[in-house]
Amino acid sequence: MKGISRNVLATASTLLMLTGPQVVLADTTVNVSLEDASEGGNLAGMKMTASPDTVKAGRITFHATNKSQALVHEVMVVHPRTPEASLPYDEKQAEVIEKRITDLGEISDLPPGKSGSLSVRLKAGNYLLICNQPNHYKAGMWTKFTVTH
Ligand SMILES: [Cu+2]
């Protein structure tokens, strides 16, 4: 009996050694879903969802999927000055003014049905994920994203 359980322990610790480094190196993956109800390319039902929407600080990989039938979408990781602040907006261009925000990286111009990834190192704080295709931000295509210690 003793011999068997020792054997099991040895196998278990070997497995731990093999899987340990991969666990440490793995990124936190966040799936971002980009959706609309655009059969005819209108702005109805624009939505961005992040899952999970709260992660620990470190290297984070966003994996975005554009589920639209017709529209190009994108994901921009923004660190707003205060969580409540609305982002500087250009009414004429119908987009957030990218020069005036802290853009930490983006998956730009994803065609309908396509996916893309972005890895960034984020400190604890409140972030926004936005789509800055014309009119999309105002149509509600953004979501809050939280990074904890
Ligand atoms: Cu969009």
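Residues numbered from 1 in each chain as written. Predicted model: local features only at pLDDT ≥ 70, side-chain atom pairs only at ≥ 80, totals over all residues. Heavy atoms only, no water.

A.B. asks: Could you clarify how one ought to interpret the side chain of Glu74 in this entry?
C.D. replies: Tracing the backbone shows Glu74 in strand β5 (residues 73–78). Buried within the structure, Glu74 lacks any salt-bridge partner; its nearest side chain of opposite charge belongs to Lys99, at an N-O separation of 16 Å. Of the polar contacts made by the side chain of Glu74, one reaches the backbone nitrogen of Asn132; its length is 3.2 Å. A polar contact is formed between the side chain of Glu74 and the side chain of Gln133, at a distance of 3.2 Å. (Helix = DSSP H or I, 4+ residues; strand = E, 2+ residues; numbered from the N terminus. Buried < 20%, exposed > 50% of the residue type's maximum accessible area, 1.4 Å probe, protein only. Lys, Arg positive; Asp, Glu negative; His and termini not counted. Salt bridge = Lys/Arg side-chain N within 4 Å of Asp/Glu carboxyl O. Polar contact = N/O pair within 3.5 Å; in protein donor to acceptor, adjacent residues only side chain to side chain.)

A.B. asks: When you look at the coordination of the copper ion in this model, what are you seeing that I'm missing?
C.D. replies: Each donor-metal-donor angle would ideally measure 109.5 degrees in four-coordinate tetrahedral geometry, or 90 or 180 degrees in six-coordinate octahedral geometry. The protein atoms that coordinate the copper ion are His73 (ND1), Cys131 (SG), His136 (ND1) and Met141 (SD), at distances of 2.0 to 2.6 Å. For the copper ion, the four donor atoms are set out with angles of 86 to 132° between them, so the coordination reads as tetrahedral. Donor residues for the copper ion, ordered by position in the chain, follow H-x57-C-x4-H-x4-M. With His73 in strand β5 and Cys131 in the loop between β10 (125–130) and β11 (142–148), the pair connects residues that are 58 residues apart, well separated along the chain. Taking the relative accessible area as the measure of exposure, Cys131 reaches 0% and is therefore buried. (Donors = N, O, S within 2.8 Å, 3.2 Å for Na, K, Ca; no water. Tetrahedral: all angles 85-135°; square planar, octahedral: opposite > 155°, others 65-115°.)

A.B. asks: What's the story with the sheet that holds β10 in this structure? I'm lost.
C.D. replies: Strands sit in the order β3-β11-β10-β5-β8 across an open sheet of five strands; the sheet is mixed. One side of each edge strand has no neighbouring strand; the edge strands of this open sheet are β3 (54–56) and β8 (103–110). Direction aside, neighbouring strands of the sheet carry axes that sit 20° apart on average. One ladder, built from six bridges, connects β10 with β11; its direction is antiparallel. The partner of Asn126 across the bridge, within β11, is Thr146. (Pairing = 2+ DSSP bridges. Axes fitted to C-alpha atoms, helices over the stretch in contact; angles between N-to-C directions.)

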